[in-house]
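Chain by chain, the residues:
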Protein chains: 2
Amino acid sequence: MPVASAPSRRVADRAVDANHPIALLQSNSLPTLVQRELERMILAGDLAAGEQLREVEVAAMLGVSRGPVREAFRALEESGLVHLEKNRGVYVRQIGVHEADEIFELRALLDEFAGRRLAATATAEALAELRAIVAAMDAAASAGDVDAYLAANIGFHDRLVALAGNDKLLRVYRRLVNELHVFRRTSLARGDTLPASTREHHDILKRIAAGDPDGAGRAMRAHVDASRTRMHATWARAGGASPAGAPAAKRRRAAS
Amino acid sequence: MPVASAPSRRVADRAVDANHPIALLQSNSLPTLVQRELERMILAGDLAAGEQLREVEVAAMLGVSRGPVREAFRALEESGLVHLEKNRGVYVRQIGVHEADEIFELRALLDEFAGRRLAATATAEALAELRAIVAAMDAAASAGDVDAYLAANIGFHDRLVALAGNDKLLRVYRRLVNELHVFRRTSLARGDTLPASTREHHDILKRIAAGDPDGAGRAMRAHVDASRTRMHATWARAGGASPAGAPAAKRRRAAS
DNA sequence: TGTTTGCAGATTGTTGACAATCGACAACGC
DNA sequence: GCGTTGTCGATTGTCAACAATCTGCAAACA
C-alpha cells in the first residue's frame, strides 16, 4: 500500500506502481517468466541452436515444476524459437541459410517501408536519437568492439522500425530478428565488415533526415541486401552446410 | 504394419502412410489438437471476439484434462488469437479498427511484394490455377453468395502469396490474416462491394499474366488499400467503436 | 559375427489434487 | 440507504504421481 502523502486523495485512487511487488506478482505467471528467461538465454547464445531442452532440467534450473515449463515451451514453439517433437523432447530451433535468406528478403521489404515512412515523418527528436545510436556504433567500430557494435546495430534497426509507427510491423519485425538471431553465424560479424556497414547506416540516416522517402527506402533495402551478402560470405568461409551437431537425422517425425 | 505386397521389399523399408492411425498418434499430442480445434472455432466465428474460454469447459468439451488445454492456450496467445489474463481467464482477442488498419498496411506491403514476384516468375500452371480461383469468385459474386465469395477471396490471396515462393512470408501473412479474421466486421462484406472487388482481382491477374511487376505490385496494393477503405465504410455504417460486449473495462491488469 | 529380443533408464504426456485468486452477494454497522 | 466486511463458489495456477514412449545396451540366438 502506498504511503499517504496527500490527504486530499482517497486510498482507492492511489494505485501501486507497476513495479511494486504486488503488481509484479499479479501480472506475471510462472510460464510467462520461464518463457522470457528461455528466450533471453536463446538470444544471448547461452542455449545453442539444436540443443535439447529437457523439462526436468529446465524446471530444476528455474526452481519450478514441469507444468509451467511445458506451457512456456508451447509459447516458445509458436514464436519460432524452439521445436517440439512428441515423446522426444524440445530443441532450440536451427535456422538454415535458406530460411535466413527468406528472412532477409522479408526484412529488406520491411526495412525499406520503415525507411520511407521515417523519411516522411521523422521528428527532430527521433533524428537526434538515431544519430546517437549511429554515433555509438561508430565508436564501437573504431574500438573494434564487435559485440558492442552488434548490440547497437540491432538497436538501430529496431528503433527505426518502431519509429515507423505501426505496432504490428514492429512485432513481426522483432519476431523475424529473433529467429535470425538463432542463425548463429550471422551474429559472427567480423571486424573487417564493420566499416561498410557503418557507411551504410550513415547513408540511411542522411536520407531520412533529408526527407527523401525514395532515397531512404533504397538505402535501407541496399543495406539489408548487403548484410545478406555478407552473411553468405561468412557462411561460405565457415564451410557452408554444417549440421551443428544436432541430431537432425534422428528426428524424422513431425512435431508434437 | 503395412500388408506385404512386394516380396522384394524388406519390411523395414515400408513405412506407414502419414495418415495411418499409428503415424497420426505418433505425431500429434493433445495440446496440438486442442490448439487446432480452438483455432478452427475462432476463425469460423464459433467463438466470438471477447468471449471467455474456461479451461474446465474447453477440457470437458474436447474430452481432455486441463493440462493440454492450458498448453494450447499458451500457443494460441503467442499466435495472437487469444489473450490470457492471470487469475482471470482466457479471452478470444478483440481487434480494433486501429489494429486492423495496421494489419492492412502490412498486408498491402506483402501483397504488393507477392504480386511483383509473381509477375516475374509465374508459370502457366500457376496462372491457370489463379484463373480458376478468380472464376469461382466470379460465380459466387454473380450468385450473390457472399460466404462463398469470401472463402474464395481468402484462397486467392493465400495462393498468390504462397506462389511468391518465400515460406516465411507465407507464415507471416497467414498469421496476419488470421488476426484480421478475428476482426469480425471485415468479414461482413456486403453484396454491393463484390463487383468492385471482383474487377480488382481481374486487374491483378491480368498484370501478373502480362509479366508486369510494377503494374502487378500497384494493382495488389490498390486492391488491399481499397479493401481497407471498404472496411472503414462498413465499420462506420455499423456504428464505429463498439466494445462487443466484452468485459474490457474490468480487465485492467497485464496478461499472464 | 550379425541379428533379434528383452530390459532398464531417461524423458515426455496426461491427469487429478490441492492451493491461490477473484468476483459476487449477503450480512452487518453506521 | 450506503459503505464495509465476510463468505462462498467459480476459476486459475502449480505440483506431484502415474502412464506411456523411446533409446541404448546387454544377453541370447542363429
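In this text the structure is predicted, and so the values were computed from the model without any measurement.

Chemist: Quick question: what am I supposed to make of the protein's contact with DNA strand D here?
Modeler: Taken together, the neighbourhood of DNA strand D is formed by 20 residues, with A:L30, A:S65, A:R88, B:R54 and B:R66 sitting nearest. If you look at DNA strand D and keep only atoms within 4 Å of the protein, 77% of those are sugar or phosphate atoms. A distance of 3.2 Å is found between a phosphate oxygen of DNA strand D and a backbone nitrogen or oxygen belonging to B:E55. Note that a phosphate oxygen of DNA strand D is positioned 2.9 Å from one of the side-chain N or O atoms of B:R70. A class-by-class count of the residues in the surface near DNA strand D yields five nonpolar, six polar and nine charged.

Chemist: Hey, could you run me through the side chain of A:D158 in this one?
Modeler: Looking at the secondary structure, you find A:D158 in helix α7 (residues 146-163). Not counting chain neighbours up to four residues away, the residues in contact with A:D158 comprise A:L170 and A:R174.

Chemist: Honestly, the packing of helix α8 (residues 167-182) of chain A against helix α5 (residues 97-121) of chain B in this entry has me stumped. Any pointers?
Modeler: Packed helix pairs are specified by the crossing angle of their axes together with the interaxial distance, meaning the distance between the axes. Axis separation between α8(A) and α5(B) bottoms out at 8 Å; the angle between their running directions is 60°. With respect to α5(B), the axis of α8(A) lies oblique. Contacts between α8(A) and α5(B) involve A:D167, A:K168, A:L169 and A:V172 from the first element and B:E99, B:E102, B:I103 and B:L106 from the second. When its residues are assigned to classes, the contact of α8(A) with α5(B) shows four nonpolar, no polar and four charged.

Chemist: Mind showing me how you'd approach the packing of helix α2 (residues 30-44) of chain B against helix α3 (residues 55-62) of chain B here?
Modeler: Residues and elements named next belong to chain B. Two elements in contact, α2 and α3, have axes separated by 12 Å at closest approach and are oriented at 100°. Taken together, the axis directions place α2 and α3 in an arrangement best described as roughly perpendicular. Along the contact surface, α2 presents V34, E37, L38 and M41, while α3 presents V58, M61 and L62.

Chemist: Can you help me understand the sheet that holds strand β2 (residues 82-85) of chain A in this one?
Modeler: Adjacent strands of a sheet form backbone hydrogen bonds with each other and so pair up, either parallel or antiparallel. All names here are of chain A. Read across the open sheet, the three strands follow the order β1-β3-β2; overall the sheet is antiparallel. Each of the sheet's edge strands pairs with one partner strand only, and the pair in question is β1 (52-53) and β2. By the bridge criterion, four bridges tie β2 to strand β3 (residues 89-92) in an arrangement that is antiparallel. The partner of V82 across the bridge, within β3, is V92.

Chemist: I would appreciate a short explanation of the sheet that holds strand β2 (residues 82-85) of chain B in the present structure.
Modeler: Taken in spatial order, the three strands of this open sheet run β1-β3-β2 (chain B), and their pairing is antiparallel. Looking along the sheet, the strands with just one partner apiece sit at the ends: β1 (52-53) and β2 of chain B.

Chemist: Could you clarify how one ought to interpret the relation of the copies chain B and chain A in this entry?
Modeler: Two copies of one chain are present, and they are related through a rotation about an axis combined with an axial shift. For the pair chain B and chain A, the relating rotation is 180°, the translation along its axis is 0.0 Å, and the fit reaches an RMSD of 0.1 Å. The operation mapping one copy onto its partner corresponds to a two-fold rotation axis. By residue overlap, the copies meet face to face through one surface: 100% of the interface positions of chain B are interface positions in chain A.

Chemist: Help me understand the interface of chain B and chain A, please; the structure alone is not making it clear to me.
Modeler: Interfaces are frequently sized by the accessible area removed from exposure as the parts join. Counting residues at the interface gives 38 residues for chain B, matched by 38 residues for chain A. Between chain B and chain A, the buried area comes to about 3400 Å², and carbon and sulfur atoms account for 49% of it. Remark: the boundary between chain B and chain A carries 10 salt bridges. The salt bridge partner of B:R70 is A:E71, with a shortest N-O separation of 2.8 Å. At the boundary of chain B with chain A, the tally comes to 30 residue pairs in polar contact (both at pLDDT 80 or more).

Chemist: I'm lost on the protein's contact with DNA strand C in this one. Help?
Modeler: In the neighbourhood of DNA strand C, 20 residues make up the surrounding shell, with A:R54, A:R66, B:L30, B:S65 and B:R88 lying closest. The sugar-phosphate backbone supplies 75% of the atoms of DNA strand C found within 4 Å of the protein. Take A:R54: an N or O atom from its side chain is 2.7 Å from a phosphate oxygen of DNA strand C. One nitrogen or oxygen atom from the side chain of A:R70 is found 3.0 Å from a phosphate oxygen belonging to DNA strand C. Elements with a minimum of two residues in the surface near DNA strand C: α4 (66-78) of chain A together with α2 and α4 (66-78) of chain B. For the surface near DNA strand C, the leading source of residues is α4(B), giving three residues. Here the residues of the surface near DNA strand C sort into five nonpolar, six polar and nine charged.

Chemist: Please explain the environment of B:L180 as it appears in this structure.
Modeler: One can find B:L180 in helix α8 (residues 167-182). For the pair B:L180 and B:D101, spaced 79 residues apart in sequence, the C-alpha separation works out to 9.6 Å.

Chemist: It is not clear to me how the pairing of β3(A) should be interpreted in this structure. Could you clarify?
Modeler: Each regular strand shows side chains that alternate between the opposite faces of the sheet. Where β1(A) and β3(A) come together, two bridges link them in antiparallel fashion. Within the sheet, the bridge partner assigned to A:Q52 lies in β3(A) and is A:Y91.

The rules behind each value
Residues numbered from 1 in each chain as written. Chains lettered and ligands numbered in written order. Predicted model: local features only at pLDDT ≥ 70, side-chain atom pairs only at ≥ 80, totals over all residues. Heavy atoms only, no water. Near = heavy atom within 4 Å. Polar contact = N/O pair within 3.5 Å; in protein donor to acceptor, adjacent residues only side chain to side chain. Nonpolar A, V, L, I, M, F, W, Y, C, P; charged D, E, K, R; others polar. Helix = DSSP H or I, 4+ residues; strand = E, 2+ residues; numbered from the N terminus. Contact = heavy atoms within 4.5 Å. Axes fitted to C-alpha atoms, helices over the stretch in contact; angles between N-to-C directions. Parallel < 35°, antiparallel > 145°, perpendicular 65-115°, else oblique. Pairing = 2+ DSSP bridges. Least-squares fit on C-alpha atoms with pLDDT ≥ 70 in both. Buried area = accessible area lost by both parts, 1.4 Å probe. Salt bridge = Lys/Arg side-chain N within 4 Å of Asp/Glu carboxyl O.

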